[in-house]
Number of protein chains: 2
Amino acid sequence: MRLLVASICLALFGNASAAETPSPTVPTMSSVLAESSPEEWIDLDPERTLVMQLETGRVVIELAPQFAPKHVANIIALVKGSYFSNSSIVRSQDNYVVQWGDPKADSKDARSLGEAQAKLPAEFDRAADGLTFTALPDPDSYAAQVGFVDGFPVAREGERAWLTHCYGMVGAGRDNPADSSNGSSLYVVTGHSPRHLDRNITVVGRVLEGMPLLSSLPRGTGPLGFFADPAQNVPIKYIHLASHEPDAKRPRLQKLRSDSDSFLKLIEARRSRHEEWFVHPVGRLELCNMALPVR
Amino acid sequence: MRLLVASICLALFGNASAAETPSPTVPTMSSVLAESSPEEWIDLDPERTLVMQLETGRVVIELAPQFAPKHVANIIALVKGSYFSNSSIVRSQDNYVVQWGDPKADSKDARSLGEAQAKLPAEFDRAADGLTFTALPDPDSYAAQVGFVDGFPVAREGERAWLTHCYGMVGAGRDNPADSSNGSSLYVVTGHSPRHLDRNITVVGRVLEGMPLLSSLPRGTGPLGFFADPAQNVPIKYIHLASHEPDAKRPRLQKLRSDSDSFLKLIEARRSRHEEWFVHPVGRLELCNMALPVR
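Computed from a predicted structure; not experimentally measured. (Residues numbered from 1 in each chain as written. Chains lettered and ligands numbered in written order. Predicted model: local features only at pLDDT ≥ 70, side-chain atom pairs only at ≥ 80, totals over all residues. Heavy atoms only, no water.)

## Some details on the overall build of chain A
Where we set the bar: Helix and strand definitions here come from DSSP, where helices need a minimum of 4 consecutive H or I residues and strands a minimum of 2 consecutive E residues; each element is numbered from the N-terminal end. In this treatment the radius of gyration is a C-alpha quantity, and the globule benchmark scales as 2.2 Å times the residue count to the 0.38 power. It only takes one pair of heavy atoms within 4.5 Å for two residues to be counted as in contact. Calculation of accessible area relied on Shrake-Rupley with a 1.4 Å probe; when residues are assessed, cover is drawn exclusively from the protein chains displayed. When charges are counted, neither His nor the chain ends are considered; positive counts come from Lys and Arg and negative counts from Asp and Glu. In this description, the location of a charge corresponds to atom NZ of lysine, CZ of arginine, CG of aspartate or CD of glutamate.
Tallying secondary structure elements over chain A gives 5 helices and 15 strands in all. The C-alpha radius of gyration computed for chain A amounts to 20 Å, which stays within 12% of the reference 19 Å derived for 295 residues, consistent with globular compactness. Seen through its C-alpha atoms, chain A measures out along the principal axes to roughly 65 × 55 × 40 Å. Pairs at least 24 residues apart make up 71% of the contacts formed inside chain A by residues separated by at least 6 positions. Per element, the accessible surface of chain A, about 11500 Å² overall, is 51% carbon and sulfur. When the 30 positive and 35 negative side-chain charges of chain A are each reduced to one mean point, those points stand 3 Å apart.

## Concerning the state of the cysteines
All names here are of chain A. Here is the rule we go by: Disulfide: a pair of cysteine sulfur atoms within 2.5 Å of each other. Three labels apply to residues, based on accessible area from a 1.4 Å probe with only protein chains included: buried if under 20% of the type maximum, exposed if over 50%, partly exposed otherwise in between.
Applying the stated rule across the entire model yields 2 disulfides over all chains. Disulfide partner of C166: C288, at an S-S distance of 2.1 Å. Disulfide C166 to C288: torsion about the S-S bond roughly -75°, handedness left-handed. Here C166, found in the loop between strand 10 (160-163) and strand 11 (169-172), pairs with C288, found in the segment after helix 5 (261-271); they are 122 residues apart in sequence, far enough to count as distant. A single burial state applies to C166 and to C288, both of which are buried.

## A word on the relation of the copies chain B and chain A
Where we set the bar: The copies were overlaid by least squares, fitting only the C-alpha atoms of residues that reach a pLDDT of 70 or more in each copy.
Structural alignment of chain B on chain A gives an RMSD of 0.0 Å, achieved by rotating through 180° and translating 0.0 Å along the axis. Here the copies are linked by what is in effect a two-fold axis. Comparing interface residues between copies, 99% of those in chain B also sit at the interface in chain A, which points to an isologous, same-surface contact.

## Observations regarding the interface of chain B and chain A
Applicable threshold: Only one rule defines a salt bridge in this text: a Lys or Arg side-chain nitrogen within 4 Å of an Asp or Glu carboxyl oxygen. Between N or O atoms, a polar contact is any pair within 3.5 Å; within protein, one atom must be a potential hydrogen donor and the other a potential acceptor, and residues adjacent in sequence are included only when both atoms are from side chains.
Residue-level contacts link 82 residues of chain B with 82 residues of chain A. Across the chain B-chain A interface, the total number found is 2 salt bridges. Its salt-bridge partner being E157 of chain A, residue R284 of chain B comes within 3.1 Å of it at the nearest N-O pair. On inspection of chain B and its partner chain A, the count reaches 30 residue pairs in polar contact (both at pLDDT 80 or more). At the level of elements, helix 1 (2-10), strand 4 (87-92), strand 5 (97-101) and helix 4 (211-215) of chain B are the ones that each hand at least two residues to the side of chain B that touches chain A. With 8 residues, the top contributor of residues to the side of chain B that touches chain A is helix 1 of chain B.

## Points about the packing of aromatic side chains
Cut-off, in case you're wondering: For this analysis, a ring pair means two rings from Phe, Tyr or Trp (six-membered ring only for Trp) whose centres lie within 6.5 Å, classed as stacked if their planes differ by under 30 degrees, edge-to-face if by over 60, and tilted for the remaining angles. The rule for a charge over a ring is simple: NZ of Lys or CZ of Arg within 6 Å of the ring centre, and within 35 degrees of the ring normal.
Applying the stated rule across the entire model yields 6 aromatic pairs over all chains. Centroid distance F148 of chain B to F263 of chain B: 5.1 Å. Interplanar angle 75°. Geometry classified as edge-to-face. Of the two residues, F148 of chain B sits in strand 8 (residues 145-149) while F263 of chain B sits in helix 5 (residues 261-271), which places them 115 residues apart along the sequence. Residue classification places F148 of chain B among the buried positions, given a relative accessible area of 1%. According to the relative accessible area criterion, F263 of chain B is buried, its value standing at 0%. Looking at R126 of chain A, its charged tip hangs above the ring of F67 of chain A, at a distance of 5.9 Å from the centre. One Lys or Arg, R295 of chain A, reaches over the ring of W41 of chain A and ends 4.0 Å from the middle of that ring.

## Re the confidence of the model for chain A
Let me state the cut-off plainly: The pLDDT value expresses, per residue, how confident the predictor is, ranging between 0 and 100.
In this model, chain A carries a mean pLDDT of 92, and residues with pLDDT of at least 70 account for 92%. Across residues 1-23 of chain A the pLDDT falls below 50, and counting only partners more than four positions away or on other chains, this stretch makes 57 contacts in the model.

## Quick notes on helix 3 (residues 69-80) of chain B
All names here are of chain B. Heads up, the condition is: Each helix should span, by expectation, one fewer than its residue count multiplied by 1.5 Å.
Compared with an ideal rise of 1.5 Å per residue, which puts 12 residues at 16 Å, helix 3 spans 16 Å between its outermost C-alpha atoms and is within 8% of the ideal. Taken together, the buried residues of helix 3 touch strand 2 (49-54), strand 3 (57-63), strand 11 (169-172), strand 12 (186-189), strand 13 (202-209) and strand 14 (234-241). One or two positions beyond helix 3, positive phi appears at S82, with a value near 60°.

## A look at the sheet that holds strand 8 (residues 145-149) of chain A
All names here are of chain A. Rules: When DSSP finds two or more bridges between a pair of strands, those strands are recorded as paired.
With respect to topology, 5 strands assemble into an open sheet ordered 6-10-9-8-7, the strand pairing being antiparallel. Edge positions in the sheet fall to strand 6 (126-127) and strand 7 (134-135), since each of these pairs with one other strand and no more. With 2 bridges connecting them, strand 7 and strand 8 associate as antiparallel partners. Among the inter-strand pairings, A135 is bridged to a residue of strand 8, identified as G147.

## Considerations on the pairing of strand 4 of chain B
Residue and element names in this part refer to chain B. Among the 6 residues in strand 4, 6 count as buried, and that is most of the element. Bridging between strand 4 and strand 14 involves 3 bridges; their strand directions are antiparallel. Considered in strand 14, the bridge of S87 is made with I236. Pairing of strand 4 with strand 5, which is carried by 4 bridges, proceeds in the antiparallel orientation. Paired with R91 across the strands is Q99, a residue of strand 5. Linkage of strand 4 to strand 5, two consecutive antiparallel strands, is achieved through a turn of 4 residues, within which N95 is found at a positive phi near 55°.

## Quick look at the side chain of R206 of chain B
Residues and elements named next belong to chain B. By the element assignment, R206 lies in strand 13. One polar contact links the side chain of R206 to the main-chain carbonyl oxygen of G151, over a distance of 2.9 Å. Sequence-distant contacts of R206, that is, excluding residues within four places in its chain, are made with V60, I61, E62, D150, G151, F152, P153, G168, M169, V170, K255 and L292.

If you want it as structure tokens, here you go:
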């Protein structure tokens, strides 16, 4: 018991998930969430949600067909063909990415893509038209405007919009040709957001549960953080569509709608920090520091 | 061998540390570094460098007395008094921080601070005057201007300047009172940079070697990522000043001067990505995506 007390006292700085001491009049992130209404939350679509089963637990990935329709369709075809069953995490590069797929993809023993396409066009960005965009008010280093679409962090400039490389975002690895990704090798951002990758690679979704299972993997000692010894590859039991999981194992996650009043209040609560710990209330917010609430 | 080839082919996106294919006329990060001159590199000051010895290896921390003189002096006093010998890493919170100190700090069994002060004034920012500031040209979400001072990422606004919470930066944990840190509990940023902590807590330096030993620790399952069970605390054998390490074990690191021509060229090479992999050359750079070269 003493240690737990000691640990709490040692906490030493505030965090969204921490116990907060809200002033009665100024909303904080926790007070906004507590007051959100049920209709502001949306269930994940099990036809657009992946469950990646590792030996250590489950990772849940929400796909983004509104930004990468061809890649998402291809990933679903791969998943339905059990492409990722008994595949591996092959790379863990510090402050960058974790990557997975068929460890023998480039050898004669590469597994079949089944019904999936081997070649797809790049889907680096899309028309900004037709998106419900909740803008953040502060400047961004990489784009004219940033904000959220369907809960995803998005940048837009001129008439184009694209998913951004924030922590937890998932993309489709490619080689030098722009159209060399097909979704059979995927990566997730595990460090400071490498926004220079935006518009250079197809982002397909993001992890909504299980990031610590990926981000805390030992770093690979080979070039680019690949595991130098195949024995270090981390087994992936399978990747299924959530809709194909047995009912008892299906993830039941809800995300806060990014076009809801509560999300707007949450942005303001995160811009102006009124928890007792904060001396300087900040007054600004960078895109990748605005986490989407998931429950 | 096949696996290594497979792995390289699977790399699928470029990175500063990766093999690059520079155009003969446009500088890339690797070509700039290859052409830097010896006098552009500076040795770490062993009187301002800490060596943290874990069972898994060594972490090297450069202190920043130009920003937090009182905290740095106190940390050095603690280190000289062996305060951190047989201490522990007590916290690993995903996408946030790893924190260490005396796990019994808040109990009656707390270790003595020795010659160090128990109480210090906050050192959240300082006068911008007197700093050699290499500015980045692109907008920042949190400050009027950002750039580098002595290789450290720094923000400035009006007449004040402060160290920013980029990946690998080290700060002094505090409780709610602004002046409640004394350097006996330290943290390092292990996720996306929590810039909202800037000017809210005293930043004292940064890790220059060994980040993967800290960032890949299992995440704590207690509140705020503290290890719920003391058995999960990670032992720290000692923290010494580099100057107190035996000659054979003393780190011999050099950092590129952030006021050098090569650093300016490196900023431009990182802003405009000319490696073959890049389709969109980016043309922008955010502070925490500009790593300081260390060799």
